[in-house]
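# Close look at the chain arrangement
Here's the letter readout for the chains.
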Amino acid sequence: MRKLCRLLPVLTLLGAVALGVPTANAAEVTRVASSFDGDNKFDFHFGVGYDFNFKQAAILREWSDPNNPKSTMVRDLLYRQMRHVVTPTMEIGLYKDLAIYAALPIVVSDQRTYGFDQKAEPCVYADEASGTNPATCVRHDNSTTIRDGIIPRDGFNAMNAASPFGAFGGMGTETIFKGANRYGLDQLIVGLKIGILNQDRLSHMPKWVLGLEGRFAVGKPMTFSRDTVDADPAGNHRVGRGTHELGVWTALSRRYRFLDPFFTAWWYQAIRANNSEFKNYGPTQDRVNPQSNVGVSFGTEIVPFERKAKGQKVALNLRGLAMLKYGGRGYSEAWELFADSPALVGTYQPGQAGLECDRGAVDSVIQYAKDNPQDGDPLGNSGVTGRAGGGGCQRFNGITNIQDFATFGLNIALHAQLSKYAMLMIGTTLTTDTRHLITAASRGKAQLGGDTNLVDRPEEINPVRRDVIDQVGRRYAIGDVFGAMGYFRFLLTF
């Protein structure tokens, strides 16, 4: 029987997706469960996999002030994420070179930590800086995120829900913010694939597989609240993104002696689910749906040992990846910092009578949060929602417009075909992203009269824009991204 076709391995590189299919399967990308094929009346493949994902990135900030009128990109925080995923997979042969498949990634643990960027050598802090010796490292007194009130000065620790505030107030601490531990389901993956060409049948031809795939949101969308003392919010522990993805992919490979080079390409269109946090607030909103992605991978399987009669094989797999994410919004690396921040309180209905949230109301919420550092609900307890100019004030959900960016990766893996019915795969994938803005909402749309090139009325303002993070000179970006995923797969074929 044929082994389980490991579809679209490149997509496991996204921590957010966390698929349960192995990366860099090389020739495995062109394998299809095939039933009613000679003596093989029925083909069924079952697998289980484990992924450990680590990601680190620098959170950068555009910044300008009277001493620095030109906006420059400065370092602020460091982001780290660790994620554990277990994924059962299944594939059923329907006919010759035709199969359906499914995978259900289960996130066992997903935790994010933010610390001050103190990686520079030599490390100079603000109180040590001078005109000829500028600050190169960040702590409480020169973090722009603290300066703007986006996070509390003494930090926040969602891992300690009973007492989250004031955990990181010491000047010697590097950590400043910890997100809650998340677990559960995000998407159910189902698909159909067909082998258009098969080298096992026509030795002079390559193997060529075409697939259609849907990834459907099954988990409730994750949210984040700082009001954890009275009740630990359920949304703080979810991993769902509320995103459906519909796509097409193809894979080709051709075995030649000890080499089996391969190529894959894919495109996925992302669509917001009905219950997602990707809300449509009206015609002046510039983006609504999550980012889509398109990409290619290429590599080869090197086979130093093989016993075909016993169904045994050992192979080294090498693969490269290039992918583009584009055209949408998303849960960025900094979304938990932004979500429920008093500095990002605003209205999603600008220009509507009675639903205003003016600058005075926002300043009142920020000041209340500073005066009451242990209060997890400064918006609700500051009283601004009950007065003129603040009736429409709402919490920010943390989702932002993300600039298009590319991901590049390299995978090395060892595949061991133990018998005709069992396969073991162990490997690692290293990735990086190009530098990109993660707060990039436009001002709005000039469409209601007056100057057609200028957004000059409240009704024209983009409802998801928050000037403190979207204004040029205050925008956030991600750089120096490093991702590493170690994985283990065990497959059975019947």
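Residues numbered from 1 in each chain as written. Predicted model: local features only at pLDDT ≥ 70, side-chain atom pairs only at ≥ 80, totals over all residues. Heavy atoms only, no water.

### Notes on the overall build of the protein
- Regarding its fold elements, the protein presents five helices and 19 strands.
- In terms of overall size, the protein behaves like a compact globule, its C-alpha atoms giving a radius of gyration of 25 Å where 494 residues would be expected to give roughly 23 Å.
- Dimensions along the principal axes, computed over C-alpha positions, put the protein at roughly 80 × 55 × 45 Å.
- Residue burial in the protein is summarised as follows: out of 494 residues, 53% are buried.
- Counting only contacts in the protein whose residues sit at least 6 apart along the sequence, the fraction spanning at least 24 positions is 72%.
- Within the structure as shown, the protein displays about 20400 Å² of accessible surface, and the carbon and sulfur contribution to it stands at 59%. (Helix = DSSP H or I, 4+ residues; strand = E, 2+ residues; numbered from the N terminus. Rg over C-alpha atoms; globule rule 2.2 N^0.38 Å. Buried < 20%, exposed > 50% of the residue type's maximum accessible area, 1.4 Å probe, protein only. Contact = heavy atoms within 4.5 Å. Areas by Shrake-Rupley, 256 points an atom, 1.4 Å probe, with all protein chains shown as cover.)

### Quick word on the nonpolar core
- I59, I176, F177, L337, F338 and I469 are the most contacted members of the largest nonpolar core, which totals 48 residues.
- Going through the elements one at a time, β1 (44–65), β2 (68–95), β4 (106–116), β6 (175–178), α2 (335–338), α3 (359–371), α5 (467–470) and β19 (476–493) are the ones with two or more residues in this core.
- Considering every element that reaches this core, the biggest residue donor is α3, with four residues.
- The residues touching F177, leaving out its near neighbours within four places in the chain, are T113, Y114, I151, F156, F168, F224, R226, E336 and L337.
- With 13 residues, the next largest nonpolar core counts V32, A99, W249 and M323 among its residues. (Core = buried A, V, L, I, M, F, W, Y, C linked by side-chain atoms within 4.5 Å.)

### Things to note about unusual backbone geometry
- Going from E121 to P122, the amide bond is cis rather than trans, its omega being 0 degrees.
- With respect to the secondary-structure elements, P122 resides in the loop between β4 and α1 (144–147).
- Here the phi dihedral of F36 falls at roughly 55 degrees; this positive angle occurs in a residue that is not glycine.
- Positionally, F36 belongs in the segment before β1.
- Phi is positive for D480, close to 50 degrees, though the residue is something other than glycine.
- Inspection of the secondary structure assignment puts D480 in strand β19.

### Details of the confidence of the model for the protein
- Per-residue pLDDT for the protein averages 89, and the proportion of residues at 70 or more is 92%.
- Every residue in residues 1–26 scores below 50 in pLDDT, and together they form 132 contacts with partners more than four places removed in sequence or on other chains. (pLDDT = per-residue confidence, 0-100.)

### Here we look at the pattern of salt bridges
- In this structure the tally under the stated criterion is 27 salt bridges.
- One salt bridge in this structure joins R75 and D117, with 2.6 Å as the shortest N-O distance. One end of the pair, R75, is in strand β2; the other, D117, is in the loop between β4 and α1, with 42 residues separating them in the sequence.
- K193 is paired through a salt bridge with E91; the nearest N and O atoms lie 3.0 Å apart. With K193 in strand β8 (residues 187–197) and E91 in strand β2, this pair connects stretches of sequence that are 102 residues apart. Per residue, the accessibility class of K193 equals that of E91, and both read buried. (Salt bridge = Lys/Arg side-chain N within 4 Å of Asp/Glu carboxyl O.)

### Quick word on the state of the cysteines
- This model, assessed by the stated rule, comprises two disulfides.
- With its sulfur 1.9 Å from that of its partner, C123 forms a disulfide with C137. Across the S-S bond of C123 and C137 the torsion is about -135 degrees, and the bridge reads as left-handed. Residue C123 is located in the loop between β4 and α1, and its partner C137 is located in the loop between β4 and α1; the two are separated by 14 residues in the primary sequence.
- Here C357 engages in a disulfide with C393; their sulfurs sit 2.1 Å apart. Handedness of the C357-C393 disulfide follows from its S-S torsion of about 95 degrees: it is right-handed. Here C393 lies in the loop between α4 (378–382) and β15 (400–402) and C357 lies in the loop between α2 and α3, a separation of 36 residues in the sequence.
- A relative accessible area of 15% means that C357 is categorised as buried.
- Given the relative accessible area of 7%, C393 is considered buried.
- If one numbers only the bonded cysteines of the protein, in the order they occur, the disulfide pattern is 1-2, 3-4. (Disulfide = S-S within 2.5 Å.)

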